[in-house]
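# Structural overview
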Amino acid sequence: MSIEAEDVAALLEEVGQFTQGRIAEAVMRPENPLPNKVLEQLTGEALELGILPAPTREAGFGLWEAYHQPHIMRFNIGVLRLVGSANAGIAFAWHRQALARVLEREMGWTPAFEAGAVLGVTMLPTGHYGLGRTNLARWLGGRVPEGDEREILQDWLDRTSHPTILTAPAGWNSLLWPVWRDDRIGWERVSRAALNVGLCSAQHGLDELSTFQMSREGERGELCFPLPDMARQLFARVFKMDMIGLLAIGAGAITRAWNMAKDYAGIRQQGGKLIGRHPAVQQMLCDVELCRHSVEQALLVCERPVDMLDTNEVAAMRARLSGLLCQAASQVVQVFGGLGYMRDNGAEKILRDMNMLKAQTGGAWDLRSFVAGWCGDFA
Amino acid sequence: MSATGHLQDHLPLTHPLSPRSRYGGLPILSRLFLDYEAGDLWQEDTARLPGGLARLRQKARAFAEQHLAPVSAALDLAPHLPPGECHPAIPAILAEAGRQGWLSYLLPPPMGSMSFRVATCPPIWQCCVVVEEFSRVCGGLMLLLSAHHLGTMPLLLSGSMSTLLKFLRPVYQSCLRGQPHLVGFAITEPGAGSDAEEGHGAAVYRPGVVAKPVAGGYLLNGRKCFISGGDLAKSVTVFAALQGEGMESWTCFYVDNPSPGYEVTRTELKMGMRASGAAEIALKDVFVPHERVIGGLRNGWALNRASLNTSRMPVAAMGVGFARAATEEAAAFARTYRLGGRRLIDYQEVQLHLATMVAETRAIRSLVWQEARHAWRPRQLYASLCKFQVTDRAQLVCEMAMDLLADHATLHENRVERIFRDVRLTRIFEGTNQINRLSAIEDWQGELLGNHPNNFTLGV
């Protein structure tokens, strides 16, 4: 079952109605984090509507269930943009859940599912810190790691020596993450009960979710190590989908922030005129608009089959744009002035959420090394 | 690093090609100019300060580390409380801060606690040194302790000895006895934003808090908001227009809390600096006698702007404190966290990142100290440019720390995310950084327009 190109607009319209009607209503008070129960309820509704992939072996037309056609990529990006515009935390949870379902199917695993735990499965595409400097890119490019390179990749995905950080819905019970063996990245599905899981204090943003530090003590979950070329292709695919998803959520969140700032600039008086008529405010609004356009252009580029997208191009886009999204969100806070700093306003939450998105998947900073590593053996 | 240890791709300090190992072997005259002991950067900066100020810096750091640091994280995570309530740790901290003189150090004895050894340095410089130390450890408690000085500023600047003796002295003495008496500074009004901080806006702003003349004094009516520490303040310097007049009539009134008709109506749930409340107050026919008019009728606008000129450099110093804390946290992480069997600090890209962070931090501190050391009569241009430049750069340093820690930065336990939330406010309060840019130009316009005689070229 798949989506026809001519259906995408109508489907996104439906998602938009659900987003505005159900999610936006549930998160109206940005200072009050969404209770986990409500998050699960919304997730159940999204599952019923087919927005999220159902825990079955057969692919439907939910988020990320297909990714080999441009119009389906437009749908995937569109869903995350719409949900992200209402709430980045919910969008992030659904994005990671959908990617976990993709991986389960790729591995041929029976979908992990417990009745009543609609947000039970999640995934993490990276290791305990960064992106392994230049070495992940070089491995993805086909190089067989040696010496330090091998040591770094092995250590990067070592799930016993270093705690790994996970941001996910409070009730997750099954996790998929990459592991390293014989110069290959494979995937492991591990149950929460098999891990040492520590709940962290309230994290920086994405208040709807929780953050955990986890490590494993010997016992392994289900493992799958594809052949080397397949392993590279699969990791690159998931890595790209994750980065595109993070950008799409950011695009939605910044659009919402942009609308908030515009609306405010059109009603707030300062110095006898609307603040939107002051060049100081116009310049900040312009920064936000420039960012929005840049991200939307990048996402247009991503409306291609995932396997045809250049990994480095996606990584470079994320390296450039995730910082820009944070700066734009910060400018929105600045447009609001003191009000923007208060939690009931909502602007500061978007800034914190944007910082969280930037820090995911190894963070944006190590992407510079990744991009350099992709450029060739000199790196 | 130990004397024999070294970072990856760097020569040990004892290596024959390490310049520092060779300076000691040069002739004595050369050594006089070239050889140096490389010490801790904070210690070296402290040693460059005048003696009294260096001592103050050490004391402030010790107080911050002993009394503020242990409760900082808990206060940030504590639930938001209704007006009139505060975290149980706060009264003890305020009492100790008062006893140690941190709430009264802008004047020497017999009024306050300023050491005579620092009396030759501008109080603003002293304040900047203290604020940096407090900010480094806890943004919220720093604000609670510092906003008090802004509240007292109109009293200090009033030019009236009787005001100092009658109102400020009891505040200082009470604090020194360990019975903290905080003073709030109330300028912002719910509909005003930066109009209270910028002349062009004030010229067309219709004042929200109005003072009506009555027998023996005035009745104040209206609302003020975003008063840092205003929920715990025992008195507040309130700026109000005289009835029927505009902002040019702004007058400063010294109002006690409680007073009949005075109510703290709410405190804001903030992004950061959560140990300090941002209060809104409602004034309903609050009677203020004539003797509590501070600095004279219709002098409030000048007092307000002068108070901001004194406070904007300390706000810049907050930025320095946050940038320093972020740099210290990032360095600590890089020194201990390992990837591929090596410390992060051994990787060149991490070294480049930290080098930029420490350079940025020291650059903004230099700017603050450069302006503050001459700030006996703080010029608006210097105060404003210092505030916006330093706090903008400080946020950048905090972002760099978050970048380096990646997802580890999102953990409350790693402090960096809290420092980011704290530093974000410094670009907003005391006039947004946009308002401060315009404020700098407002003050510079005489030179920009060449109004001074014999002014052929513009000095920068």
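Presented here is a report on the structure given in the accompanying data block. Just so we're clear, the structure is a prediction, and the values are computed from it rather than from any experiment. Numbering of residues starts from 1 in every chain and runs along the sequence as written. Numbering of ligands from 1 and lettering of chains from A proceed in the order in which they are written. Totals for whole chains, interfaces and linings use all residues, but because this is a predicted model, local features are given only for residues with pLDDT of at least 70 and pairs of side-chain atoms are given and counted only at 80 or more. In computing side-chain properties, one takes all heavy atoms of the structure into account and sets aside hydrogens as well as water.

### Comments concerning the overall build of chain B
Secondary structure elements follow DSSP: runs of H or I of four or more residues count as helices, runs of E of two or more count as strands, with numbering from the N terminus. Summing up its helical and strand segments, chain B has 14 helices and ten strands in all. Both definitions apply: the radius of gyration is a C-alpha atom measure, and the globule rule equals 2.2 Å times residues to the power 0.38. Its C-alpha atoms give chain B a radius of gyration of 24 Å, near enough to 23 Å, the size a compact globule of 460 residues would have. Across its three principal axes, chain B shows a C-alpha extent of roughly 85 × 60 × 40 Å. Put simply, chain B has 460 residues, and 58% of those count as buried. Relative accessible area decides the class of each residue, using a 1.4 Å probe on protein chains only: under 20% of the type maximum gives buried, over 50% gives exposed, and in between gives partly exposed.

### Concerning the sheet that holds strand β6 (residues 210-216) of chain A
Paired through backbone hydrogen bonds, the strands of a sheet run either parallel or antiparallel to each other. Residues and elements named next belong to chain A. Only strands joined by at least two bridges in the DSSP assignment are considered to pair. In space, the three strands of this open sheet follow the order β2-β6-β5, with antiparallel pairing throughout. Looking at which strands have only one partner, the edges of the open sheet turn out to be β2 (164-168) and β5 (195-199). Sheet twist, expressed as the mean angle between neighbouring strand axes with direction ignored, is 30°. Of the pairings in the sheet, the one linking β5 to β6 comprises five bridges and is antiparallel in character. Each bridged residue has a counterpart across the sheet, and for V197 the counterpart in β6 is M214. For every element, the axis is a line fit to its C-alpha atoms; helices are fit only across the contacting stretch, and the angle between N-to-C directions ranges from 0 to 180 degrees.

### A look at the pairing of strand β7 (residues 278-289) of chain B
Side-chain positions along a regular strand alternate between the two faces of the sheet. Residues and elements named next belong to chain B. Summarising the sheet, strand β3 (residues 217-228) and β7 pair through nine bridges and their orientation is antiparallel. Looking across to β7, one finds that G217 is bridged to P289. One ladder, built from five bridges, connects strand β6 (residues 262-267) with β7; its direction is antiparallel. Its bridge partner being in β7, Y262 is matched across the sheet by L283.

### Some remarks on a nonpolar patch on the surface
A patch is a set of surface residues, each over 30% in relative accessible area and not in a salt bridge, joined within 9 Å for like charges and within 5 Å for the nonpolar side chains Val, Leu, Ile, Met, Phe, Trp and Tyr. In short, Shrake-Rupley with a 1.4 Å probe defines the accessible areas, and a residue's cover is counted only from the protein chains shown. When a carboxyl oxygen of Asp or Glu lies within 4 Å of a side-chain nitrogen of Lys or Arg, that pair is called a salt bridge. Taken together, the side chains of B:I28, B:L29, B:L32, B:F33 and B:L34 make up a nonpolar region of the molecular surface, amounting to roughly 610 Å² of accessible area. Structurally, B:F33 can be placed in helix α2 (residues 28-34).

### A few points about the packing of aromatic side chains
For this analysis, a ring pair means two rings from Phe, Tyr or Trp (six-membered ring only for Trp) whose centres lie within 6.5 Å, classed as stacked if their planes differ by under 30 degrees, edge-to-face if by over 60, and tilted for the remaining angles. Counted according to the given criterion, the structure contains 21 aromatic pairs over all chains. With 5.4 Å between their ring centres and 75° between their planes, B:F185 and B:F239 make a pair best called edge-to-face. With B:F185 in strand β1 (residues 183-186) and B:F239 in strand β4 (residues 235-242), this pair connects stretches of sequence that are 54 residues apart. With respect to burial, B:F185 and B:F239 carry one shared label: buried. Joined through ring pairs, the aromatic side chains of A:W187, A:F235, A:F239, A:F370 and A:W374 make up one cluster. Lying over the aromatic face of B:W102, B:K59 brings its terminal NZ or CZ to 5.7 Å of the ring centre. Only lysine NZ and arginine CZ atoms are considered, and such an atom sits over a ring when it is within 6 Å of the ring centre and within 35 degrees of the ring normal.

### Concerning the nonpolar core
Think of a nonpolar core as a cluster: buried Ala, Val, Leu, Ile, Met, Phe, Trp, Tyr and Cys residues, connected wherever their side-chain atoms sit within 4.5 Å. Core analysis: the largest hydrophobic core is formed by 234 residues, its most contacted members being A:W64, A:W94, A:L136, B:L68, B:F134 and B:L141. The biggest single contributor to this core is helix α7 (residues 228-265) of chain A, with 22 residues. Not counting residues within four places of it along the chain, the set of residues in contact with B:L68 comprises B:F63, B:I93, B:F134, B:V137, B:C138, B:L141 and B:L145. Core analysis: the second largest hydrophobic core is formed by 21 residues, B:A233, B:V238, B:V264 and B:V293 among them. Residues are treated as being in contact if the distance between any of their heavy atoms lies within 4.5 Å.

### Some thoughts on the environment of B:I294
Relative to the elements of secondary structure, B:I294 occurs in strand β8 (residues 293-294). Considered as a pair, B:I294 and B:I28 are 266 residues apart in the sequence and their alpha carbons are 62 Å apart.

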